[in-house]
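Chain and residue survey
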Amino acid sequence: QQQQQQQQKQDSHMLRVASCIVMCDKLDTAIADFMKYVDEAKHNVAGPSIYTAGNFAPLTESMAIFIRSIRYSDSFLRERSQTVTDALMQAGNILFSGAVYGSALLAFEEALRIKQKTTSEKDVDCTLARIRNNIGCASCEVQEHAMAHKNFQLALANLYSQAVSNKNDKNRNRRNLFRISTVLCNIGYLFLKEAKYQEAMPVYEEALALQQKIFVANHSLILHTQQNIDYARRQTTHKSQRALIQQIVKSYTLTGSGFTLFKTC
């Protein structure tokens, strides 16, 4: 109860700060402050700092205030949508790498909301697909598997569409193939987490076929995907063997015939 009261007090404080930012027309200051925290985290997360110690509170609090502030102003978002989206994506990636998955998911979902609200043209740079993929990753880590599957599939649909449009552009086509293989590997990993090994194998195999088109044979991504395919295949075999053994044991139990799995000779 004390923790809940403390959270309510903190939420109330953030809401007051956000309201003051809007009333004083300080949204540009808000984004500058938020970007300062993002840049600080980005440059310090690999070295000795509060971020390497797992203290992401300054970034998450700044982000929460910023998100509440920008929701009051559509015109602000229309003028700076790309800047805001990029900032939220960077913050989400930093928080995700720090295993602060709930806050990372909040950042990615807000980036998606802004992108959908302010962009009418085709997703030429695949930003929507990248955001969807990131939402899928964060959802997976907070055990929201249905949401993860949904966003991975939406990301794939967008990327496949872009691949068709850019098939004659070698550089863009290469980037699209890499992104598609990344999403496919994420789906494969999600299937592994769900112990759905048979479903994981064809997804990983499709990802591997794409990776082999853009990387050398001994590239680390190719080797890692091959390892995951081997793991899924082994687990599928073991699962089938266990099911067969259980079926045999059950049949002998039902017929009352005694049965011993191991015999000495």
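Our subject is the structure listed above.
Attention in this report is confined to the structure presented alongside it. (Residues numbered from 1 in each chain as written. Predicted model: local features only at pLDDT ≥ 70, side-chain atom pairs only at ≥ 80, totals over all residues. Heavy atoms only, no water.)

For the rest of this paragraph, the subject is helix H9 (residues 197–214). Along its 18 residues, H9 runs 26 Å from first to last C-alpha, staying within 8% of the 26 Å computed at 1.5 Å per residue. Taken residue by residue, H9 has Tyr-197, Ala-200, Met-201, Val-203, Tyr-204, Ala-207, Leu-208, Leu-210, Gln-211 and Ile-214 as its buried positions. (Helix = DSSP H or I, 4+ residues; strand = E, 2+ residues; numbered from the N terminus. Expected span 1.5 Å × (residues − 1). Buried < 20%, exposed > 50% of the residue type's maximum accessible area, 1.4 Å probe, protein only.)

Take the environment of Arg-234 next. Residue position: Arg-234 is located in helix H10 (residues 220–255). On the basis of relative accessibility, which here comes to 44%, the residue Arg-234 falls in the partly exposed class. Sequence spacing of Arg-234 and Tyr-197 is 37 residues, and the spatial spacing of their C-alpha atoms is 8.9 Å.

The next thing to look at is unusual backbone geometry. Located in the positive-phi region is Ala-99, a residue other than glycine, with phi close to 65°. Phi is positive for Gln-143, close to 70°, though the residue is something other than glycine. Relative to the helices and strands, Gln-143 resides in the loop between helix H6 (127–141) and helix H7 (145–165). Among the residues examined, Gln-143 registers a relative accessible area of 53% and is labelled exposed.

To continue, consider the pattern of salt bridges. Counted by the stated rule, this structure contains four salt bridges. Taking the shortest distance from any N to any O, the salt bridge between Asp-230 and Arg-233 comes out at 3.4 Å. Placement of both Asp-230 and Arg-233 in helix H10 is noted, with a separation of three residues, approximately one turn of the helix. On the basis of relative accessible area, Asp-230 is assigned to the partly exposed category, the value being 37%. A cluster of three or more residues bridged by salt bridges with shared partners is formed by Glu-205, Asp-230 and Arg-233. (Salt bridge = Lys/Arg side-chain N within 4 Å of Asp/Glu carboxyl O.)

Our focus in this paragraph is the nonpolar core. Grouped together as the largest cluster of nonpolar side chains are 32 residues, with contacts concentrated most on Phe-152, Ile-180, Val-183, Leu-184 and Ile-187. Counting residues per element, the ones that place at least two in this core are H6, H7, helix H8 (170–193), H9 and H10. Those residues within four positions of Val-183 in sequence are excluded, and the remaining contacts are Asn-133, Phe-152, Ala-155, Leu-156 and Leu-159. Met-63, Ile-70, Ala-104 and Ile-131 belong to the second-largest nonpolar core, a separate cluster that totals 27 residues. (Core = buried A, V, L, I, M, F, W, Y, C linked by side-chain atoms within 4.5 Å. Contact = heavy atoms within 4.5 Å.)

With that settled, consider the packing of aromatic side chains. For the structure on display, the rule yields three aromatic pairs. When the centroid spacing of 5.1 Å and the interplanar angle of 65° are considered together, the rings of Phe-96 and Tyr-101 count as edge-to-face. Residue class for Tyr-101 comes out partly exposed when judged on its relative accessible area of 24%. For the ring pair Tyr-197 and Tyr-231, a centre distance of 6.1 Å and an interplane angle of 80° mean the geometry is edge-to-face. Of this pair, Tyr-197 sits in helix H9 while Tyr-231 sits in helix H10, and the two are 34 residues apart along the sequence. On the basis of relative accessibility, which here comes to 13%, the residue Tyr-197 falls in the buried class. (Phe/Tyr/Trp six-rings, centres within 6.5 Å; stacked < 30°, edge-to-face > 60°.)

Helices that pack against each other are described as a pair by the angle of their axes relative to one another and the distance between those axes. The N-to-C vectors of H8 and H9 enclose an angle of 160°; their axes lie 8 Å apart at closest approach. Comparing their axes, H9 and H8 come out roughly antiparallel. For the pair H8 and H9, the sense of crossing is left-handed. Between H8, through Arg-174, Leu-177, Phe-178, Ile-180, Ser-181, Leu-184, Cys-185, Ile-187, Gly-188, Tyr-189, Phe-191 and Leu-192, and H9, the contact on the second element is made entirely by Tyr-197, Glu-199, Ala-200, Val-203, Tyr-204, Glu-206, Ala-207, Leu-210, Gln-211 and Ile-214. Considering only residue class, the contact of H8 with H9 consists of 16 nonpolar, three polar and three charged. (Axes fitted to C-alpha atoms, helices over the stretch in contact; angles between N-to-C directions. Parallel < 35°, antiparallel > 145°, perpendicular 65-115°, else oblique. Left-handed = near helix turned anticlockwise from the far one by under 90°. Nonpolar A, V, L, I, M, F, W, Y, C, P; charged D, E, K, R; others polar.)

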